[in-house]
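Here are the chains, one letter per residue:
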Amino acid sequence: MAYLDWSDDLNTGITVIDDQHKRIVAMINQLDAAQRAASKVQAGEVIDELIDYTISHFAFEEAMIEEAGYIFTKAHKRVHALFIKRVEDYRERFNRGEDIADELKGMLGRWLFSHIRSDDRNYVEAVNENLRRLSADASEGGWLRRAGRRFFRGAA
């Protein structure tokens with residue numbers, strides 16, 4: 001049984017963002033599995049991957065909302081920056097030998113679901129309107145594909 005389950009009320013309607021959010025949820029579930037298996041090495045690998053992927057996701061999301069002219073882009077970026085600082089603190093504590101898995105999983109799940117349901121919901125209209133405009137841009141596979149390659153190594 002998964003630690004976190006995705007539910008339809010978490011969908012923003014922006015497929016690329018929803019897929020990234022689902023991947024973060026899957027990684028939180030991987031952290032739970034590593035913890036249950038008592039694998040500190042595996043937990044450390046998942047924590048590193050989760051933090052790195054989340055930073056890439058935030059950069060991608062910020063590029064989308066900035067491109068869309070979202071009025072609260074600066075505030076959204078501040079929320080992301082504070083969150084990154086928080087999870088980096090968890091990583092440092094883990095690297096010092098603290099058992100932070102329960103605390104980290106709980107914080108990640110609560111924060112992510114709350115952030116999606118409130119902060120992310122607020123930019124959906126602006127981004128969707130901009131994506132409709134950008135869909136006419138087919139150069140190099142379009143804006144989404146170019147941005148995906150820029151923020152996520154190996155993305156198509």
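For the structure itself, look to the data block above.
Notes on the structure in this doc start here. (Residues numbered from 1 in each chain as written. Predicted model: local features only at pLDDT ≥ 70, side-chain atom pairs only at ≥ 80, totals over all residues. Heavy atoms only, no water.)

## Topic: the overall build of the protein chain
Note the cut-off: Numbering of helices and strands runs from the N terminus, with a helix taken as a DSSP run of H or I at least four residues long and a strand as a DSSP run of E at least two residues long. The rule is simple: take the accessible area with a 1.4 Å probe, protein chains only, and divide by the maximum for that residue type; under 20% is buried, over 50% is exposed, in between is partly exposed. Whether two residues are in contact is decided by their heavy atoms: any pair within 4.5 Å suffices. For every accessible area listed, the method is Shrake-Rupley and the probe measures 1.4 Å; residues are considered covered only by the protein chains on display.
Scanning the protein chain for helices and strands turns up 6 helices and 0 strands. Each helix and strand of the protein chain, placed in order from N terminus to C terminus, yields the pattern α-α-α-α-α-α. A burial count over the protein chain gives 43% of its 156 residues as buried. Sequence separation of 24 or more characterises 72% of the internal contacts of the protein chain that already satisfy a separation of 6 or more. When the accessible surface of the protein chain is split by element, carbon and sulfur atoms take 51% of a total near 8,600 Å².

## A closer look at the environment of D32
Let me state the cut-off plainly: Polar contact is defined as a pair of N or O atoms within 3.5 Å, subject to the rule that within protein one atom must be able to donate a hydrogen and the other to accept it, and that residues adjacent in sequence are counted only when both atoms are side-chain atoms.
Note that D32 resides in helix α1 (residues 15-36). Counting along the chain gives 72 residues from D32 to L104, while the straight-line C-alpha distance between them is 9.9 Å. Within polar-contact distance, the side chain of D32 engages the side chain of R36 at 2.9 Å. A distance of 2.6 Å separates the side chain of D32 from the side chain of K105, its partner in a polar contact.

## Details of the packing of helix α3 (residues 73-95) against helix α4 (residues 101-120)
What counts here: Here, axes are lines fitted to C-alpha atoms. For helices the fit covers the stretch in contact, and angles between N-to-C directions go from 0 to 180 degrees. In what follows, roughly perpendicular refers to angles from 65 to 115 degrees, roughly parallel to angles under 35, roughly antiparallel to angles over 145, and oblique to any angle outside these ranges. Three categories are distinguished: nonpolar for Ala, Val, Leu, Ile, Met, Phe, Trp, Tyr, Cys and Pro, charged for Asp, Glu, Lys and Arg, and polar for the others, with Gly belonging to the last.
Their axes nearest at 12 Å, the elements α3 and α4 cross at an angle of 170°. If you check the angle between α3 and α4, you find them roughly antiparallel. In contact with H76, V79, H80, F83, R86, V87, Y90 and R93 of α3, α4 contributes E103, L104, M107, L108, W111, H115, D119 and D120. A per-class count over the contact of α3 with α4 returns 8 nonpolar, 3 polar and 5 charged.

These figures capture arrangement, not role.
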